[in-house]
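Chain and residue survey
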Amino acid sequence: MPKFMGLDVKILENRGIFGKLIYMKLKMPFPFRNRYIVFDASAVDIVDERDGFLILIRSEDPSIGKYDLPKSSIGAVRGEINLAGAVCRPTGIESHVFSNVMNMDLKMPGYIVPSWLINYLTKKVVWYAFDAFRAKAAEFQHAGLPSEYAERIDIDSTGVYKNVSLRLERSKFPPLPIKIAT
């Protein structure tokens, strides 16, 4: 299973150009069981309104669909993302503002782990997650995109990359031209 920022991730279903149903496994330290989340992630084009993109994430019950979950879900506890949203907006040729709000429940037993510790660990985990995201973005910027992503941009079978680039270049905030890492 592919790993992204240390998480096991598998796309269960493509839902249009900007939507995916995603399985993600989180390895937990002993004595806790691993967690997994199945969620719908959709991007909404808000270039005209906010000069960027809105990403909406919400858990789905995998038993409703006929999805083959990876074997790593066996024995793991299913967590939930009640609602999460992120806004990504270019602020320059090589810079973006990324804001995220998330309401997640990893089903940690409150009688074992006090809520103040869960809150503290959540803040640390989120900080490390965004630090890993920043490092991955910097890696793409310096080393170029992995070939699978660069090929998607080159082929652009749906026209979405060209459309996004043109619309962002017409946007009022970022300077021209927008640089897409290649």
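As the structure is a computational prediction, the values presented were derived from the model and not from experiment.

**Quick word on the overall build of the chain**
The secondary structure content of the chain amounts to 4 helices and 8 strands. Listing the helices and strands of the chain from first to last along the sequence gives β-β-β-β-α-β-β-β-β-α-α-α. The 182 residues of the chain split such that 28% are buried.

**Examining the nonpolar core**
Counting residues in hydrophobic clusters, the biggest one holds 10 residues: Val-9, Ile-22, Met-24, Leu-26, Ile-37, Phe-39, Ala-41, Ile-57, Ile-81 and Ala-84. Taken together, the elements giving at least two residues each to this core come down to β3 (19–26), β4 (35–46) and β7 (80–92).

**Section: helix α2 (residues 115–143)**
Over its 29 residues, α2 extends 41 Å from the first C-alpha to the last, a length consistent with the 42 Å expected when each residue adds 1.5 Å. Looking one or two residues beyond α2, the residue adopting positive phi is Gly-144, at roughly 85 degrees.

**Some remarks on a nonpolar patch on the surface**
A cluster of nonpolar side chains, contributed by Trp-116, Tyr-120 and Leu-121, occupies part of the molecular surface with about 380 Å² of accessible area. Mapped onto the fold, Tyr-120 is located in helix α2. Accessibility expressed as a relative area gives 46% for Tyr-120, which makes it partly exposed.

**What to know about the side chain of Asp-40**
With respect to the element layout, Asp-40 can be found in strand β4. A residue is classified by how much of its surface remains accessible, and Asp-40, at 12% relative accessible area, is buried. A polar side-chain atom of Asp-40 sits 3.1 Å from a polar atom in the side chain of Ser-42.

**Here we look at the side chain of Ser-73**
Its location among the elements puts Ser-73 in the loop between β5 (52–59) and β6 (77–78). The buried category is assigned to Ser-73, whose relative accessible area is 12%. The contacts of Ser-73, once residues within four sequence positions are left out, are Tyr-23 and Tyr-36.

**What to know about the confidence of the model for the chain**
The share of residues in the chain with pLDDT of 70 or more is 87%, and the mean pLDDT across the chain is 77. The weakest mean pLDDT in the chain belongs to strand β1 (residues 3–4) at 51; the strongest belongs to β6 at 90.

**A few points about the pairing of β7**
Sheet analysis places β5 next to β7, joined by 5 bridges and oriented antiparallel. Its bridge partner being in β7, Phe-53 is matched across the sheet by Cys-88. Summarising the sheet, β7 and strand β8 (residues 95–105) pair through 11 bridges and their orientation is antiparallel. Among the inter-strand pairings, Val-87 is bridged to a residue of β8, identified as Ser-99.

**Brief notes about the pattern of salt bridges**
If you walk through the whole model with that rule in mind, you get 7 salt bridges. Across the pair Asp-105 and Lys-107 runs a salt bridge, and its minimum N-O distance is 3.4 Å. Asp-105 gets classed as partly exposed once you look at its relative accessible area, which sits at 30%. Linked by salt bridges that have partners in common, Glu-13, Arg-15, Asp-40 and Glu-60 make up one network.

**Digging into the pairing of β5**
Alignment of β4 against β5, held across 8 bridges, turns out to be antiparallel. Bridge assignment links Ser-42 to a residue of β5, and that residue is Leu-56.

**Some thoughts on the environment of Lys-20**
Mapped onto the fold, Lys-20 is located in strand β3. The spatial distance from the C-alpha of Lys-20 to the C-alpha of Asp-40 is 5.8 Å, given a sequence separation of 20 residues. In this view, Lys-20 contacts Ile-11, Glu-13, Asn-14, Arg-15, Phe-39, Asp-40 and Ala-41; residues no more than four positions away in its chain are not counted. Here Asn-14 takes part through its side chain, which lies 2.8 Å from a polar atom of the side chain of Lys-20.

So, how was this worked out
Residues numbered from 1 in each chain as written. Predicted model: local features only at pLDDT ≥ 70, side-chain atom pairs only at ≥ 80, totals over all residues. Heavy atoms only, no water. Helix = DSSP H or I, 4+ residues; strand = E, 2+ residues; numbered from the N terminus. Buried < 20%, exposed > 50% of the residue type's maximum accessible area, 1.4 Å probe, protein only. Core = buried A, V, L, I, M, F, W, Y, C linked by side-chain atoms within 4.5 Å. Expected span 1.5 Å × (residues − 1). Patch = residues over 30% accessible without salt bridge, like charges linked within 9 Å, V, L, I, M, F, W, Y side chains within 5 Å. Areas by Shrake-Rupley, 256 points an atom, 1.4 Å probe, with all protein chains shown as cover. Salt bridge = Lys/Arg side-chain N within 4 Å of Asp/Glu carboxyl O. Polar contact = N/O pair within 3.5 Å; in protein donor to acceptor, adjacent residues only side chain to side chain. Contact = heavy atoms within 4.5 Å. pLDDT = per-residue confidence, 0-100. Pairing = 2+ DSSP bridges.

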